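Spelled out from the first residue to the last, the chains are:
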Amino acid sequence: MSSPAPEPVASLVEHFFRHEAGRLVAVLTRFFGWRNFDLVEEMVQATLVDALQSWRVRGVPDNPSGWIHRVAKNKILDALRRNETSRRLTRAWAATRPWHTEGLDVLFLDSEIEDSELRMMFACCHPRLARANQLALTLKALCGFGNSEIAQALLIAEETVKKRIQRATRDLVDHEIALDPPGADELFRRLDVVHQVLYLLFNEGYSASRGETAIRTDLCEEAARLCHLLCSHPQFSTPATRALMALMLFHAARLDARLDDHGCILLMEDQDRTKWDRRLIQRAQEFLDQSAEGTTVSPFHLEAGIARYHCSAENYAATDWPAILRLYDALLTMHRSPVYRLNRAIVVAQIDGPRAGIRALEEAGQDSALRHYYLYEATLGEFCRRAGDMDSAHRHFEAARRKTNSPHHHALIDRRLSECV
Amino acid sequence: MAKFLFVYRGNNDGYAKMTPDQLQQNMQQWGAWIGQAMQKGWMVDPGDALTEEGRVVNAKKVVTDGPFVEAKEIVGGYSIVTADTIDAAAELAKGCPALLAGGRVEVRTLAGMGSKL
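All values derive from a computational prediction rather than experimental measurement.

Rules of the game
Residues numbered from 1 in each chain as written. Chains lettered and ligands numbered in written order. Predicted model: local features only at pLDDT ≥ 70, side-chain atom pairs only at ≥ 80, totals over all residues. Heavy atoms only, no water. Helix = DSSP H or I, 4+ residues; strand = E, 2+ residues; numbered from the N terminus. Buried < 20%, exposed > 50% of the residue type's maximum accessible area, 1.4 Å probe, protein only. Lys, Arg positive; Asp, Glu negative; His and termini not counted. Salt bridge = Lys/Arg side-chain N within 4 Å of Asp/Glu carboxyl O. Contact = heavy atoms within 4.5 Å. Axes fitted to C-alpha atoms, helices over the stretch in contact; angles between N-to-C directions. Parallel < 35°, antiparallel > 145°, perpendicular 65-115°, else oblique. Left-handed = near helix turned anticlockwise from the far one by under 90°. Nonpolar A, V, L, I, M, F, W, Y, C, P; charged D, E, K, R; others polar. pLDDT = per-residue confidence, 0-100. Pairing = 2+ DSSP bridges. 1 Å grid on protein atoms, 1.4 Å probe; cavity = no way out; pocket = protein on both sides within 12 Å on 5 of 7 lines; lining within 4 Å. Points joined across faces, edges and corners; volume = space filled by probe spheres on them.

1. With respect to the side chain of Arg273 of chain A
Residues and elements named next belong to chain A.
Then step 1. Along the chain, the position of Arg273 falls in the loop between helix H13 (239-252) and helix H14 (278-290).
Then step 2. Although Arg273 is buried, it forms no salt bridge, and the closest oppositely charged side chain is Asp272 at an N-O distance of 8.1 Å.
Then step 3. Setting aside residues up to four positions removed in sequence, Arg273 forms contacts with Met268, Arg278, His310, Ala313, Glu314, Asn315, Tyr316 and Thr319.

Have a look at this one:
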């Protein structure tokens, strides 16, 4: 009485459940509203567990998305019918909702799902929410991350994640922010905030190194995926959006080359450029070209331009440093960011030698925020080493070591120290 | 060789707390475990998972919803395996992904089905 052996579970694409969760949360929140976000989360979880239960025995169906959407629709209908749930939902509200399958079918069309995701993006990045809460809610609602994963990704406590999400949903309810697309008058302002959040998300992932969990590099993938979603809509695919996409792709192209075999960070000058993904660089270049419309230049344009000069150089020495210097100068007129000033000093050192680099760095170091950054001391140490001043080099490298707890940063500094003979 | 029933209990509770990514991983682990078990021949029926709803029919033929038990007691599914002894069967159960979701596997001997008396 034995059943035939089941087909081995066909591999789902990586993170399929995660991305389906994001899609479902977008559609269901659009349907039920922020007030019922808890209910939405329960339904999405129950849908995915149903999928697990069914597919683990019978295998993955031919159309896994379709299967999941069908189950989700049934759960919505059940929720509307069941007494216990309608106690949580007001009658008047329920009366305005599609309560039969045909009405729901529209919500689950591919184009409508994408529309819901975009609306969700604007809601998660609403200017009324604090930046940290925007980030946490984006990861939860749009990217399908669980609280534990958000905690690992952002290197914060799980309890903090929970609070940030609660705060965000409470703000959205209190300010009655629905899942509507932004109006034409506020589009650029709202889009600007979305850009900031995606840029932050990408940076969090990019600064990760192996030894920290893989979930951190997942952040880059998520940021790029969401930016790409924006790019696929003419209304949101502004020059700045495309420049941001280009920037992410230029950086992503170099992700594999950033670590050596021992998992230590390699600086760009030490990276094996054959490991850079030429296909991604090509894609990045296309987005950068497309972004060259109109008259506004965003910081993303400039950063992408810098990344392009790096990606198109044969080797570190052959990089067009003067062009990069001009771009950093332009960036600094927009944001007096200490990190820009640090990077600019490195470029100055390439053009005019280490002592010029030291002067540029010390000038930048008048910003106290920079002085706390380990890379400031480490770079000073490197310039001193190149200038032949080994005692100062030692001093700065030791200072750099004290300013960071990361074993990867220590390894990098120790390598430099060993070269100070 | 005798036949045994694997009863999976309590993993639903674990599933409620897992992230989407963890659920996908668990599902892929199930698929791999059942696949190799069937291929090696020690699992004769992969069985099925059990959905939430249930009914209880009592001696007076009254039907109610249920049973309502603690989350960690809920039966989530079953499979049928063959092994020489119940202890050998229990050893095989150690690889079950239900354990990774905080669940348990109960092993019971099938009294007569398919075995020679």
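2. Quick word on the packing of helix H15 (residues 299-311) of chain A against helix H16 (residues 321-334) of chain A
All names here are of chain A.
Then step 1. Viewed as axis vectors pointing N to C, H15 and H16 meet at an angle of 160°, and their least axial separation amounts to 9 Å. The pairing of H15 with H16 is recorded here as roughly antiparallel in orientation. The handedness of the crossing between H15 and H16 comes out as left-handed. Judged by residue contacts, Pro299, Leu302, Glu303, Gly305, Ile306, Tyr309 and His310 of H15 engage Trp321, Ala323, Ile324, Leu327, Tyr328, Ala330, Leu331 and Met334 from H16.
Then step 2. Classifying every residue of the contact of H15 with H16 gives 12 nonpolar, 2 polar and 1 charged.

3. Some details on the confidence of the model for chain B
Then step 1. Of the residues in chain B, 96% have a pLDDT of 70 or more, and the chain-wide mean is 90.
Then step 2. Per the prediction output, this complex has pTM 0.88; the corresponding ipTM is 0.85.

4. Focus on the pairing of strand S5 (residues 75-83) of chain B
Residues and elements named next belong to chain B.
Then step 1. Of all 9 residues making up S5, 7 are buried, and the element is well covered by its neighbours.
Then step 2. Direction of pairing for strand S1 (residues 2-9) relative to S5: antiparallel, over a ladder of 8 bridges. When the sheet's bridge partners are listed, Val7 is paired in S5 with Tyr78.
Then step 3. Here strand S2 (residues 43-49) pairs with S5 via 4 bridges, running antiparallel. Each bridged residue has a counterpart across the sheet, and for Ala49 the counterpart in S5 is Gly77.

5. Focus: the layout of surface pockets
Then step 1. There is about 1800 Å³ of room inside the second largest pocket.
Then step 2. In this structure, the second largest pocket is lined by 44 residues; those nearest its centre are Asp50 and Lys75 of chain A together with Thr51, Glu52 and Glu53 of chain B.
Then step 3. Of all the secondary structure elements, the ones that give two or more residues to the lining of the second largest pocket are helix H2 (37-58), helix H3 (64-81) and helix H4 (83-88) of chain A together with helix H1 (11-17), S2 and S5 of chain B.
Then step 4. Here the lining of the second largest pocket is built from residues that sort into 17 nonpolar, 10 polar and 17 charged.

6. A look at the sheet that holds S1 of chain B
Residues and elements named next belong to chain B.
Then step 1. Pairing in this open sheet of 4 strands is antiparallel, and the strands run S2-S5-S1-S6 from one edge to the other. With partners counted over all chains shown, the strands left at the sheet margins are S2 and strand S6 (104-109), one partner each. Within the sheet, the average angular offset between the axes of one strand and its neighbour, ignoring direction, is 15°.
Then step 2. Along the sheet, helix H2 (residues 20-40) contacts S1 and S2; its crossing angle with S2, the most-contacted strand, is approximately 155°.
Then step 3. Sheet contacts for helix H3 (residues 86-93): S1, S5 and S6; angle to S6, the most-contacted strand, approximately 155°.

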